[in-house]
Amino acid sequence: MFRLVATTFSGAEEVLSKELKALGAGEIKTLSRAVEFTGNTEIMYKANLFCRTAFRILKPFSTFKVNDEIELYKQCKEISWEELMTADDTFAIEAVSSHEKLNHTLYIAQKIKDAIADRFRAKSGKRPSVDLANPRYAIHAYVEKDKCTLSLDSSGGSLHKRGYRISATGAPLNEALAAGLILLSGWEGSTNFYDPMCGSGTFLIEAAMLALNIPSGMYRKGFGFQRWRNFEEELWNGILAKAKSGIKNSLDIKICGADISEGSVRAANINIKNAGLEKFISVEKKSFNDFMPQGESGMVMINPPYGGRLDASPLPATSTPSHRQAGPTPLQRRGELAMSSPREDIGLLYKEIGNHLKKNFTGHVTWILTANREAAKQIGLHSSKKIQVYNGPLECRFMKFELYSGSKKRNEPTE
Ligand SMILES: C[S@@+](CC[C@H](N)C(=O)[O-])C[C@H]1O[C@@H](n2cnc3c(N)ncnc32)[C@H](O)[C@@H]1O
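Here's a quick rundown of the structure.

### Description of the packing of helix 2 (residues 41-50) against helix 7 (residues 233-245)
Running from amino to carboxyl end, helix 2 crosses helix 7 at an angle of 45 degrees, the nearest separation of the two axes being 10 Å. By the criterion of interaxial angle, the relationship of helix 2 to helix 7 is oblique. Helix-helix and strand crossings are classified by hand; for helix 2 and helix 7 the assignment is right-handed. Only Leu-235, Trp-236, Ile-239 and Ala-243 of helix 7 make contact with helix 2, whose side of the interface consists of Thr-41, Glu-42, Tyr-45, Lys-46 and Leu-49.

Here you go:
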């Protein structure tokens, strides 16, 4: 058993802890944007393959006090790197720092690299070389206050890069964030799932993967630990084979999406096909206003445009001249305008979302993710739960709306 750290996004620590517990991790400790735990090689491999909300699974190997670059170099030179790698291996260093002075991450990486090279040269005259793209050992340096922790990155690059997304429009959600939000919502794959503003299809694909029991790492080309000298191929193949045998091949729920933008629908369909999920997810080009549920109950998850500068993305295909010629409805037009900024238009879009939900989605639970708190007020429904998360640098609210049938009162806003 050894110590491991799984990193994640702010707000997903508890969900990630649960995921790790289910895999058999021990001594789980929730940190800020990370979860510390103990496990063996099998658990480390499984955490990489199965944890939907983890960014990286790190294996710490050295922690020391550090206050400046001279100390950093000295401390790093004292580490027995030769026990970790040989002069024929390649490595790369990625640094993260919240240290007041020692905060230039490229410089930190450079100093650690120098220490490794100098130590090897002094001992054997030969040194391992840097390979940023495909290193045998990806080293993660985390400097916080006066403490530096060096870890092996067993993931070899962030796990949110699942491998299925080959086309994106607008502002696609980080895949681990999308999966985390679905898990936070409590949806477990037993009711219909809808994303009527699906963009490149992230919620839909993550929902289908969850419902079908497809591990989050199934489509990845590989993981960092597979390049390590002590990689246990037989163990890994066993884990993979068991994971594959647990994948369902049918679903008795519907997973449906839509988007007003033709470009988004195209991108979503490309990604869905790339993930081999076209049998389970349908996406249509339509305005949210025309999107209707296909049953009495289900989960609706929406990541609408945030409006103005909050949408850190170029205009999607919705505002192309050909689309305008097609004669957009007022809501479609507002959707377009919402992309290009005016505050009142984004407010109207959110108002229409609330009205449409009230009118047509009774019996459903809806979660909306937005960074635009002013616009969110226009939804006009009372949210029964609000969770703060970050979508990249944007502070967002993930809000739950329960649309009960026959109790109109409960759906009215209280604030
Ligand atoms: C923030 S993006 C969603 C990104 C998506 N979650 C993803 O991961 O790719 C918002 C999407 O809402 C769509 N949209 C805007 N107004 C709409 C409307 N009235 N009806 C349907 N879709 C709309 C946009 O075309 C855009 O793709």
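Still more ground to cover, so stick around.
### Some thoughts on helix 7
In an α-helix, one turn spans 3.6 residues; hence positions three or four apart end up facing the same way. With 13 residues, helix 7 should reach 18 Å at 1.5 Å per residue; the first-to-last C-alpha distance of 18 Å fits that figure. Sparse coverage of helix 7 is indicated by the burial of zero of its 13 residues.

### A look at unusual backbone geometry
Of note, the phi angle at Arg-33 is positive, near 60 degrees, even though the residue is not glycine. Relative to the assigned elements, Arg-33 resides in the loop between strand 2 (26-31) and strand 3 (34-39). Within the chain, Lys-145 stands out as a residue other than glycine whose phi angle is a positive 50 degrees. Take Lys-145: it is sitting in the loop between strand 7 (137-144) and strand 8 (147-153). Using a count of 11 C-beta atoms within 10 Å as the deciding quantity, one classes Lys-145 as exposed.

### Considerations on the packing of helix 1 (residues 13-23) against helix 2
The geometry of helix 1 relative to helix 2 is characterised by a closest axis approach of 10 Å and an angle of 130 degrees between their N-to-C directions. Accordingly, the angle class assigned to the pair helix 1 and helix 2 is oblique. Remark: the crossing between helix 1 and helix 2 carries right-handed chirality. Across from Glu-19, Leu-20 and Leu-23 in helix 1, the residues of helix 2 making contact are Ile-43, Lys-46, Ala-47 and Phe-50. Looking at the contact of helix 1 with helix 2 residue by residue, the classes come out as five nonpolar, no polar and two charged.

### Regarding the environment of Gly-199
Take Gly-199: it is sitting in the loop between strand 9 (193-195) and helix 6 (202-212). Accessibility expressed as a C-beta count within 10 Å gives 28 for Gly-199, which makes it buried. Sequence separation of Gly-199 and Ser-264 is 65 residues, and the distance between their C-alpha atoms is 4.8 Å. Setting aside anything within four residues of it in sequence, one finds Gly-199 in contact with Thr-169, Gly-170, Pro-172, Asp-259, Ser-264 and Ala-268.

### Considering the pairing of strand 11 (residues 281-285)
Pairing of strand 10 (residues 255-259) with strand 11, which is carried by five bridges, proceeds in the parallel orientation. What sits directly across from Ala-258, in strand 11, is Glu-284. In this region the chain leaves strand 10, passes through helix 8 (residues 262-274) and returns to the parallel neighbour strand 11; the handedness of that crossover is right-handed.

### Section: the sheet that holds strand 9
Each strand in a sheet pairs with another by means of backbone hydrogen bonds, the pair being arranged parallel or else antiparallel. Spatially, seven strands are ordered 11-10-9-12-13-15-14 in an open sheet, and the strand pairing comes out mixed. Both outer strands of the open sheet, strand 11 and strand 14 (385-391), are each paired with one neighbouring strand and no more. Across the sheet, the mean angle from the axis of one strand to that of its neighbour is 20 degrees, orientation sign disregarded. Judged from the two bridges that link them, strand 9 and strand 12 (residues 298-302) form a sheet pairing that is parallel. Bridging across to strand 12, Phe-193 finds its partner in Met-299. Sitting on the sheet, helix 8 is in contact with strand 10 and strand 11, with an inclination near 165 degrees to strand 11.

### Things to note about the sheet that holds strand 3
Sheet architecture is open: eight strands sit in the order 2-3-1-4-8-7-5-6, paired in mixed fashion. At either margin of the open sheet sits one strand with a lone partner, and together these are strand 2 and strand 6 (129-130). As judged from the seven bridges shared by strand 4 (residues 56-65) and strand 8, these two strands associate in the antiparallel manner. If you follow Lys-59 over to strand 8, its bridge partner there is Leu-152.

### Re the environment of Glu-82
Mapped onto the secondary structure, Glu-82 falls in the loop between helix 3 (69-77) and strand 5 (90-97). Residue class for Glu-82 comes out partly exposed when judged on the 14 C-beta atoms lying within 10 Å of it. The spatial distance from the C-alpha of Glu-82 to the C-alpha of Arg-119 is 8.9 Å, given a sequence separation of 37 residues.

Thresholds applied
Residues numbered from 1 in each chain as written. Predicted model: local features only at pLDDT ≥ 70, side-chain atom pairs only at ≥ 80, totals over all residues. Axes fitted to C-alpha atoms, helices over the stretch in contact; angles between N-to-C directions. Helix = DSSP H or I, 4+ residues; strand = E, 2+ residues; numbered from the N terminus. Parallel < 35°, antiparallel > 145°, perpendicular 65-115°, else oblique. Left-handed = near helix turned anticlockwise from the far one by under 90°. Contact = placed C-beta atoms within 7 Å. Expected span 1.5 Å × (residues − 1). Buried ≥ 20, exposed ≤ 12 C-beta atoms within 10 Å, placed from the backbone. Nonpolar A, V, L, I, M, F, W, Y, C, P; charged D, E, K, R; others polar. Pairing = 2+ DSSP bridges. Right-handed = clockwise from strand over helix to strand, strands pointing away.

Everything listed here is a matter of coordinates, which is why it stays silent on function.
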